[in-house]
Amino acid sequence: MSGGDLTLRLDAQSHLIVDAGTDSSLCFGQSKTLNATAFNGNAPYYYEWSDGLPNGANRTNAGTYTVTVTDYNGCTNLDQIQLTQNPQLSLPKCKT
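Because the structure is predicted, anything quoted here is derived from the model rather than measured. (Residues numbered from 1 in each chain as written. Predicted model: local features only at pLDDT ≥ 70, side-chain atom pairs only at ≥ 80, totals over all residues. Heavy atoms only, no water.)

Q: Could you give an account of unusual backbone geometry, naming the residues involved and the relevant values?
A: Between Ala-43 and Pro-44 the backbone carries a cis peptide bond, its omega angle lying at 5°. In this fold, Pro-44 is placed in the loop between β4 (37-39) and β5 (46-49). (Helix = DSSP H or I, 4+ residues; strand = E, 2+ residues; numbered from the N terminus.)

Q: Go over the environment of Ala-38, please, and point to the residues and values.
A: Mapped onto the secondary structure, Ala-38 falls in strand β4. Classification of Ala-38 by relative accessible area gives buried; the value is 14%. Between the C-alpha atoms of Ala-38 and Asp-71, which are 33 residues apart in sequence, the distance is 8.7 Å. Beyond its immediate chain neighbours, meaning those up to four positions away, Ala-38 contacts Leu-16, Ile-17, Tyr-45, Tyr-47 and Val-69. (Buried < 20%, exposed > 50% of the residue type's maximum accessible area, 1.4 Å probe, protein only. Contact = heavy atoms within 4.5 Å.)

Q: Which residues make up the pairing of strand β7 (residues 63-70), and what are the values?
A: By the bridge criterion, 4 bridges tie β5 to β7 in an arrangement that is antiparallel. Residue Tyr-46 lies in a different strand from β7, and its bridge partner there is Thr-70. As consecutive antiparallel partners, β7 and strand β8 (residues 76-85) are separated by 5 residues, and within that stretch Gly-74 has a phi angle of approximately 90°, a positive value. (Pairing = 2+ DSSP bridges.)

Q: How would you summarise the packing of aromatic side chains if you had to cite specific residues and measurements?
A: Applying the stated criterion across every chain yields a total of 0 aromatic pairs. For the cation-ring pair, Arg-59 lies above Trp-49, with the distance from its terminal atom to the ring centre recorded as 5.0 Å. (Phe/Tyr/Trp six-rings, centres within 6.5 Å; stacked < 30°, edge-to-face > 60°. Lys NZ or Arg CZ within 6 Å of the ring centre and 35° of its normal.)

Q: Outline the sheet that holds strand β2 (residues 24-26), listing residues and values.
A: Strand order in the open sheet formed by 4 strands is β2-β8-β7-β5, with mixed pairing between adjacent strands. Two strands bound the open sheet, and with one partner strand each, they are β2 and β5. Direction aside, neighbouring strands of the sheet carry axes that sit 25° apart on average. (Axes fitted to C-alpha atoms, helices over the stretch in contact; angles between N-to-C directions.)

Q: Could you give an account of the pattern of salt bridges, naming the residues involved and the relevant values?
A: Applying the stated criterion across every chain yields a total of 1 salt bridge. A salt bridge links Asp-51 to Arg-59, with the shortest nitrogen-to-oxygen separation between them at 2.8 Å. On the basis of relative accessibility, which here comes to 32%, the residue Asp-51 falls in the partly exposed class. For Arg-59, a relative accessible area of 2% translates into the label buried. (Salt bridge = Lys/Arg side-chain N within 4 Å of Asp/Glu carboxyl O.)

In structure tokens:
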């Protein structure tokens, strides 16, 4: 190989960032809307929650929920949120 220049262009890929939200504690009978956000990738974003419900849906059960986000280029990342549920309060019965 002689003469000539070789030009190589590398585009830096942004690292897709996913935020599932802050861990939360629920009162008995309460629900929480899980609405993940993604940025630093290429929109549109596809959100897939571990329980199969859509982004923005209410959850009533305690547990760890994982969201996987895929951007337009097929890049993926994930985040988790932990929901805990406080026990139902019961008042003692008074004797009459």
